[in-house]
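This is what each chain is made of:
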Amino acid sequence: MTAALRFDPIRLPEKCEQLRKEVRAFLAEEIAAGTFDPHAPNREDNDAPEFSRRVGAKGWLGMTWPKKYGGQERSFLERYVVTEEMRVANAPTRRFFVADRQSGPVLLKYAPEHIKMDILPRICRGEVCFAIGMSEPNSGSDLFAAKTRATKTDDGYLINGTKIWTSSAHIADYMIAIFRTSPPTKENRRHGLTQFLVKMKQPGIQVNPIGQITGQFEFNEVVFTDYFVPDDHVLGEVDGAWKQATSELAYERSGPERFLETYYVLTELVRAVGKNPDTRSAEGIGRLVAQVHTMRRMSVSVAGMLQAGKEPVVEASIVKDIGTVWEQQLPHRVRDLAAFVEETATNRETLEKQLDFAIKTAPKLTIQGGTTEVLRGIIARGLGLR
Amino acid sequence: MAESENIVAETAEKIFADLADAQTINHDKQGAWKAPLWQALTEAGLPLSWVPDDLGGSGASLAEGFSVLNVAGRHAIAVPLAETMLAGWLLTQARIASPDGEMTVLPASPKDRITLNADGSLSGRARGVPFAKDAKHFAVLADGNGSISIALVDAAKCRIESGVGLGGDHNDTVTLDKVQPAAIKPAPKGFDQTTLMLMGGVVRSLQIAGALEAMLDISVRYSNERVAFEKKISKFQAVQHNLARLAGESAAALAAATSAADTIASANSLNNDAVFLEAASAKIRCSEAAEKGGGIAHQVHGAIGFTNEHILHRYSLRALAWRDDFGSESYWAVELGKLVAIRGADELWPLVASR
Ligand SMILES: Cc1cc2nc3c(=O)[nH]c(=O)nc-3n(C[C@H](O)[C@H](O)[C@H](O)COP(=O)(O)OP(=O)(O)OC[C@H]3O[C@@H](n4cnc5c(N)ncnc54)[C@H](O)[C@@H]3O)c2cc1C
């Protein structure tokens, strides 16, 4: 056989289930206290600084990181449980999610010690928000076409250019960005990009909000004009960001957030059809449950591979491909299935509102974090086709 | 479980590689390969994997048997190995010893019933029974006298209307008209027709997942050989994307099937929501994968894959056929949907997350 794709049936250990109970209890308290409404994923602003601090105080940020940086040295599987429970509850995770998932691990790997000691504990306390500066107006899927320049000065770099689609840049304290430090070479067009830690809210950066079709303002254009970054804010190898950026994306691709973003409409569908669904609704719900269960089993399996120190690039891409296509179709299937649900069903109104929002959200799901087409290219490479 | 840790699956793999080469089988229209293959499987104790020593079997674990089925699926095996294993497992539930030779299970559909009459005989009809025509004995689940029984029945005492399924294998209707069983005992507490269908469904899911792995394998290989427009077709992005989707379907089927098998292998009882969710989901998701994945495999192969001469149909048609045994995906989707509805909206996520 060629590419042996194994998705072993990893089970979450018992201590994860204990943790799950704690997370559920915490979220129930927050809901009771009015921090957020679990039935309203379409809230205007998903930013909740106080909530973020309370999550940090629980020890649920930077969970897998070393204790000396404020982490808990817990497993990927434990982090998995926290993430999925937050996601399913529609908790307001915007302020901390990117830092916890992605930026923190990048700093851990590539930042100098004094920066780690400064920033990582603050991430763990839920105090800082990160943005990811990869895309540019003419560089999305083709990340390596990025042009925003970092020009060497005596003790640092001057940045000029524009990043775009930068989620949370308007509230972020930091951005991890890639900038061009030298031109690509003939042999390697990916060469010449460097990863930097950028302090937001400084002179030389202008953040311009971009409205989305959902009515929300989550991403931004970020314009750099002679913005100064000191030398010790270079992350990793100068001109070598292409290696780093691709491994960073592995963190981004297989988690529960890759198939649960529109999950709430399935819950509300089940509520709306009630205890005695007709055959059509029952069948539709059964299929969707079988699909989400399978997705989750695949995703947990990849978390197990990460925990075991493997680099499941192809497997993670498969989870993101199938997962995002699924969560994109979900609101439409739910709409089909809800067509004959009585107007008087108790939560019909909630379901309608949620569907409206989920259908508006759906188009982005197969774009953010790498498009379906790009992912399929990665899978094809893994199959030995490229 | 990694294959190298599983000597039973390795044995099966070796026997199939030696005696069930897809190309050879495909060209041999007389079926001369069947007897030596069955004999080798029997000598290795595989058909009675799930029967303990004292009941005439080889006493492999549930997990080992499940991985044999996945391997069998990868070879789209067309002898009643899965059926005999399942029959032996069913008989073992009631501690009835398994005889030698091919067996199959009835009923094979949730819609059919076999009844135990007051005089101890069995009546009823079972449709879509795989390999009934090849079987010497049937393991039968029967309803009657207010309880559920498991019986061993001599195939010669039943009426068999032979049929051929989508995959070209026997798929027969078996009628029992007051047939006296060779042995009959009560089923264990809680064991019912749903239990048998779920177990049968997981067996088929593993086979479908295996067939998809094989389809992915031969499709990737073919795309690296076939040249069009002066390039290997594997270099076309559209073809690459199709194969990436096939890999996804294959991976999903394998994940769903092995997760369900693992659940059953480590369950204390087969009568709970966890087993139901896992087994029903596996049958649903694997059946969907058979449709989508099989479709892509054919697309990649072009016309050659549509011929009798090519081996692709051995996998694609069997995977499609297996969808129908022990409850189709539509059947299980309705049942799973009903379960979810009864438990209610707020219990759905806890159920999914419990696995
Ligand atoms: C909600 C949201 C949040 C985002 N947040 C961030 C963020 O925080 N930081 C950040 O840096 N970026 C962010 N992005 C940007 C995202 O990463 C890019 O949109 C994505 O990588 C695609 O780039 P693009 O939009 O330029 O599309 P393009 O690259 O122009 O692609 C357009 C189409 O062409 C296809 N295509 C392009 N190249 C190929 C190819 N080689 N083969 C086949 N098809 C191809 C694509 O798949 C797509 O269908 C966000 C995007 C969204 C929607």
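Every value quoted in this text rests on a predicted model; they were computed, and no experiment measured them.

### Considering the UniProt feature "domain: Acyl-CoA oxidase/dehydrogenase middle" (unreviewed entry) in chain A
Alright, step 1. In the UniProt entry, the feature "domain: Acyl-CoA oxidase/dehydrogenase middle" (unreviewed entry) is given for residues 131–225 of chain A.
Alright, step 2. Helix makes up 0% of residues 131–225 of chain A and strand makes up 48%, while its end C-alpha atoms are separated by 18 Å.

### Quick look at the site of the ligand
Alright, step 1. Neighbouring the ligand are 15 residues, the closest being Ile 132, Ser 135, Ser 141, Trp 165 and Thr 371 of chain A.
Alright, step 2. Chains contributing residues to the immediate surroundings of the ligand are chains A and B.
Alright, step 3. In this structure, Gln 237 of chain B approaches the ligand through a side-chain N or O atom, which is 2.8 Å from a nitrogen atom.
Alright, step 4. About the coverage of the ligand: the protein hides 65% of its 960 Å² of free accessible area.
Alright, step 5. The greatest single-element share of the shell around the ligand, amounting to 3 residues, is contributed by strand β3 (residues 156–167) of chain A.
Alright, step 6. Classifying every residue of the shell around the ligand gives 5 nonpolar, 8 polar and 2 charged.

### Focus: the state of the cysteines
Where two cysteines share a covalent bond between their sulfur atoms, that bond is called a disulfide.
Alright, step 1. This structure, assessed with the given rule, holds 0 disulfides over all chains.
Alright, step 2. In this structure Cys 124 of chain A is not part of a disulfide, and its nearest cysteine sulfur, from Cys 129 of chain A, lies 15 Å away.

### Quick word on the interface of chain A and chain B
Alright, step 1. Counting from both sides, the interface comprises 48 residues of chain A and, opposite them, 55 residues of chain B.
Alright, step 2. Summing both partners gives a buried area of about 4,500 Å² for chain A against chain B, and 64% of it is carried by carbon and sulfur.
Alright, step 3. Between the two partners, chain A and chain B, sit 4 salt bridges.
Alright, step 4. Where Glu 278 of chain B meets Arg 11 of chain A, a salt bridge forms, and the shortest distance between an N and an O atom there is 3.0 Å.
Alright, step 5. Where chain A meets chain B, there are 19 residue pairs in polar contact (both at pLDDT 80 or more).

### Focus: the packing of helix α1 (residues 14–32) of chain A against helix α2 (residues 49–57) of chain A
All names here are of chain A.
Alright, step 1. Between α1 and α2, whose axes approach to 12 Å, the crossing angle comes to 155°. Overall, the two elements α1 and α2 adopt an arrangement that is roughly antiparallel. Taken as a pair, α1 and α2 cross one another with a handedness that is right-handed. Side by side, α1 and α2 meet where Phe 26, Leu 27 and Glu 30 of the first sit next to Phe 51, Arg 54 and Val 55 of the second.
Alright, step 2. Among the residues forming the contact of α1 with α2, the class breakdown is 4 nonpolar, no polar and 2 charged.

### A look at the nonpolar core
Alright, step 1. Counting residues in hydrophobic clusters, the biggest one holds 177 residues, and the most contacted among them are Phe 16 and Phe 138 of chain B.
Alright, step 2. Take this core: its biggest share by element is 17 residues, from helix α6 (residues 193–225) of chain B.
Alright, step 3. Grouped together as the second largest cluster of nonpolar side chains are 20 residues, Cys 129, Tyr 157, Ala 172 and Val 234 of chain A included.

### Section: the confidence of the model for chain B
Detailed reading of the predicted coordinates is not advisable wherever pLDDT falls low.
Alright, step 1. Chain-level pLDDT for chain B is 96 on average; 99% of the residues reach the 70-or-more range.
Alright, step 2. Model confidence for the complex is summarised by a pTM of 0.97, with the ipTM given as 0.96.

### Describing the side chain of Thr 148 of chain A
Residues and elements named next belong to chain A.
Alright, step 1. One can find Thr 148 in the loop between β1 (130–133) and β2 (149–152).
Alright, step 2. What makes Thr 148 buried here is its relative accessible area of 2%.
Alright, step 3. Engagement of the side chain of Thr 148 in a polar contact is seen with the backbone nitrogen of Thr 162, the distance being 3.2 Å.
Alright, step 4. The residues contacting Thr 148, other than those within four sequence positions of it, are Glu 136, Ile 159, Asn 160, Gly 161, Thr 162, Lys 163, Phe 179 and Arg 180.

### Notes on helix α10 (residues 329–343) of chain B
Alright, step 1. With 15 residues, α10 of chain B ought to run about 21 Å at 1.5 Å a step, and its terminal C-alpha atoms sit 21 Å apart, in line with that.
Alright, step 2. Those residues of α10 of chain B that sit buried are Glu 329, Trp 332, Ala 333, Val 334, Leu 336, Gly 337, Leu 339, Val 340 and Ala 341 of chain B.
Alright, step 3. Turning to α10 of chain B, the residues buried within the fold contact α7 (264–273) and α8 (279–307) of chain A together with α6, α8 (273–301) and α11 (345–353) of chain B.
Alright, step 4. Once α10 of chain B finishes, Gly 344 of chain B follows within two positions and takes phi at roughly 95°, a positive value.

### Concerning the packing of aromatic side chains
All names here are of chain A.
Alright, step 1. Considering all chains together, one arrives at 16 aromatic pairs over all chains under this definition.
Alright, step 2. Between Phe 36 and Phe 51 the ring centres are 5.9 Å apart and the planes differ by 70°, which places this aromatic pair in the edge-to-face class. With Phe 36 in the loop between α1 and α2 and Phe 51 in helix α2, this residue pair connects regions lying 15 residues apart in the sequence. Comparing Phe 36 with Phe 51, the two get one shared label, buried.
Alright, step 3. Seen from their ring centres, Tyr 157 and Phe 196 are 5.0 Å apart, and the 75° between their planes marks the pair as edge-to-face. Here Tyr 157, found in strand β3, pairs with Phe 196, found in strand β5 (residues 193–199); they are 39 residues apart in sequence, far enough to count as distant. Of the two residues, Tyr 157 and Phe 196, neither departs from the other in class, the shared state being buried.

Parameters at a glance
Residues numbered from 1 in each chain as written. Chains lettered and ligands numbered in written order. Predicted model: local features only at pLDDT ≥ 70, side-chain atom pairs only at ≥ 80, totals over all residues. Heavy atoms only, no water. UniProt positions renumbered as here; feature names shortened; annotations may be inferred. Helix = DSSP H or I, 4+ residues; strand = E, 2+ residues; numbered from the N terminus. Near = heavy atom within 4 Å. Polar contact = N/O pair within 3.5 Å; in protein donor to acceptor, adjacent residues only side chain to side chain. Areas by Shrake-Rupley, 256 points an atom, 1.4 Å probe, with all protein chains shown as cover. Nonpolar A, V, L, I, M, F, W, Y, C, P; charged D, E, K, R; others polar. Disulfide = S-S within 2.5 Å. Contact = heavy atoms within 4.5 Å. Buried area = accessible area lost by both parts, 1.4 Å probe. Salt bridge = Lys/Arg side-chain N within 4 Å of Asp/Glu carboxyl O. Axes fitted to C-alpha atoms, helices over the stretch in contact; angles between N-to-C directions. Parallel < 35°, antiparallel > 145°, perpendicular 65-115°, else oblique. Left-handed = near helix turned anticlockwise from the far one by under 90°. Core = buried A, V, L, I, M, F, W, Y, C linked by side-chain atoms within 4.5 Å. Buried < 20%, exposed > 50% of the residue type's maximum accessible area, 1.4 Å probe, protein only. pLDDT = per-residue confidence, 0-100. Expected span 1.5 Å × (residues − 1). Phe/Tyr/Trp six-rings, centres within 6.5 Å; stacked < 30°, edge-to-face > 60°.

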